[in-house]
Amino acid sequence: MARKMLKDGEVAVADGEQYDYDLFVIGAGSGGVRGSRFAASFGAKVAICELPFHPISSEWLGGHGGTCVIRGCVPKKILVYGASFRGEFEDSQNFGWEINGDINFNWKKLLENKTKEIVRLNGIYQRILGNAGVTMIEGAGSLVDAHTVEVSQPDGSKQRYTAKHILIATGSRAQRANIPGKELGITSDEALSLEELPKRAVILGGGYIAVEFASIWRGMGAEVDLFYRRELPLRGFDDEMRAVVASNLEGRGIRLHPGTNLSELSKTADGIKVVTDKGEELIADVVLFATGRTPNSQRLNLDAVGVEVDQIGAIKVDEYSRTPVPSVWAVGDVTNRINLTPVALMEATCFAKTVFGGQPTKPDYRDVPCAVFSLGCSEQQALEDAKSDVLVFTSSFNPMKNSISKRQEKTIMKLVVDSETDRVLGASMCGPDAPEIIQGIAIALKCGATKATFDSTVGIHPSAAEEFVTMRTLTRRVSPASKPKTSL
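The rules behind each value
Residues numbered from 1 in each chain as written. Predicted model: local features only at pLDDT ≥ 70, side-chain atom pairs only at ≥ 80, totals over all residues. Heavy atoms only, no water. Helix = DSSP H or I, 4+ residues; strand = E, 2+ residues; numbered from the N terminus. Contact = heavy atoms within 4.5 Å. Pairing = 2+ DSSP bridges. Axes fitted to C-alpha atoms, helices over the stretch in contact; angles between N-to-C directions. Parallel < 35°, antiparallel > 145°, perpendicular 65-115°, else oblique. Left-handed = near helix turned anticlockwise from the far one by under 90°. Nonpolar A, V, L, I, M, F, W, Y, C, P; charged D, E, K, R; others polar.

Engineer: For this particular structure, what's the right way to read the environment of Phe 397?
Structural biologist: Along the chain, Phe 397 falls in strand β19 (residues 390-397). Measuring from C-alpha to C-alpha, the distance between Phe 397 and Ala 464 comes to 9.2 Å, with 67 residues separating the pair along the chain. Contact partners of Phe 397, with chain neighbours within four places excluded, come to Lys 410, Thr 411, Met 413, Ala 464 and Glu 467.

Now the structure itself:
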């Protein structure tokens, strides 16, 4: 039946049933907020529940904006900016700057300003929801049945709400490695809110969180040891880029321990004693577990309703983000598809269009750009889609700034091209400003740009970005049938 736009206080009516809301959303992170306000813009009556704000998440603490805004991308990038000044001060000397005396770093000041910023953003997300007409409810949501959500408070009080549709957008949470003494380690949540800057840091993990924190702490003067199981960090990214990142990390003074895991932590008078699976021992002030994240699905009472999860707890959904229960949907990290904030936003937008906009829309996961210390998409991924030979064009050079500063970090760029269609299948870059450059390249790839299109584009000079439109010499030709099976 057709339904009218509802005002606050009216009752949603559908299929002969009366509900409190057209949509109830559990989780006010990026996906939940986007799904809520877009659904409201289509005339739906929407409510959303979220835990009370705190920089470090727990069973009863969260906040509007979710992981990315409060304890993820945003505060992490603030720390990245803070750490980058160390290198800038060093580089400035060959540009004529004479710095007399000591340059002191105040960790507590940076932390205070970081916290102020995420508090501000938490408030902005609340205002966005309020301006969209979304009802905000504080507490932890769980399913009672296919159309009922129970919201619990820390004091034990509970309230139930009914809705025609329920959207789960509870995200994921960092996990600790299961080794003796794991309680002595921290996750990225705590790493963003440490009261004291560590002088000696040990990091377990080879993903982007591990690499980023290694560079942050090293940039702030700490000694950093990075342990990971593979030969190279950043598994899943382009192998050529991974090798350059590893070299640059070592060049910054970070000690790399490939093929090595941690086996035990223990408390000593001098700090945390770390023992590796190779029998090595060292002392650290902080041990960071950057070993992955777990979907936040444990206390949603999914089994009772019939919503299915996989072996790690990720909610199973179809290509429209719908669970096997027709009225229950899920987006973002809790579904463990591509765990990036912009992807959660895309999935939530498609959900709102499909359910409330009359525009059935599937999320499109092709050509999703990603950046880790300047990393784009991979040659290996591009080969997966290729039906003919793949042409690889690369350029490696010393950035113009480094020619004066004498910093020994090269930039590398790569284009992967389908030999039959000339279409650019993938682009990668490792070097300064790569995230900004790759975002623009992503638009070109989405539009189906060919290598001829790149070649005919006039570059901006002098810039690093112009290398993407001046790579003319073929580096190698790879057949999909003979593509390398990397285990790095």
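Engineer: Please clarify how the sheet that holds strand β14 (residues 271-276) should be interpreted in this entry.
Structural biologist: Backbone hydrogen bonds hold the strands of a sheet together, and the pairing may be parallel or antiparallel. Within the open sheet, the three strands sit side by side as β13-β14-β15. Their pairing is antiparallel. Edge positions in the open sheet fall to β13 (262-268) and β15 (281-284), since each of these has one partner strand only. Strand-to-strand twist in this sheet, taken as the mean axis angle between neighbours without regard to direction, amounts to 25°.

Engineer: Any chance you could explain the packing of helix α1 (residues 30-41) against helix α9 (residues 341-356) here in plain terms?
Structural biologist: How two helices pack is summed up by the angle between their axes together with the distance between the axes. Between α1 and α9, the least distance of the axes is 8 Å, while the angle of their chain directions is 30°. The angle between α1 and α9 falls in the class roughly parallel. When you trace α1 past α9, the crossing you get is right-handed. Every residue of α9 that contacts α1 at Ser 30, Gly 31, Arg 34, Gly 35, Phe 38 and Ala 39 is listed here: Thr 341, Ala 344, Leu 345, Ala 348, Thr 349, Ala 352 and Phe 356. Across the contact of α1 with α9, the residue classes tally to seven nonpolar, five polar and one charged.

Engineer: I would appreciate a short explanation of unusual backbone geometry in the present structure.
Structural biologist: Excluding glycine, residues mostly carry a negative phi; peptide bonds, for their part, are mostly trans. Between His 461 and the following residue, Pro 462, the backbone shows a cis peptide bond with an omega angle of -5°. In this fold, Pro 462 is placed in the loop between α13 (451-455) and β22 (476-478). For Ser 321, which is not glycine, the phi dihedral falls at a positive 75°. You can see Ser 321 is positioned in the loop between α8 (302-305) and β18 (328-330). Despite not being glycine, Asp 422 shows a phi value in the positive range, around 70°. When you line up the elements, Asp 422 lands in the loop between β20 (411-418) and β21 (424-430).

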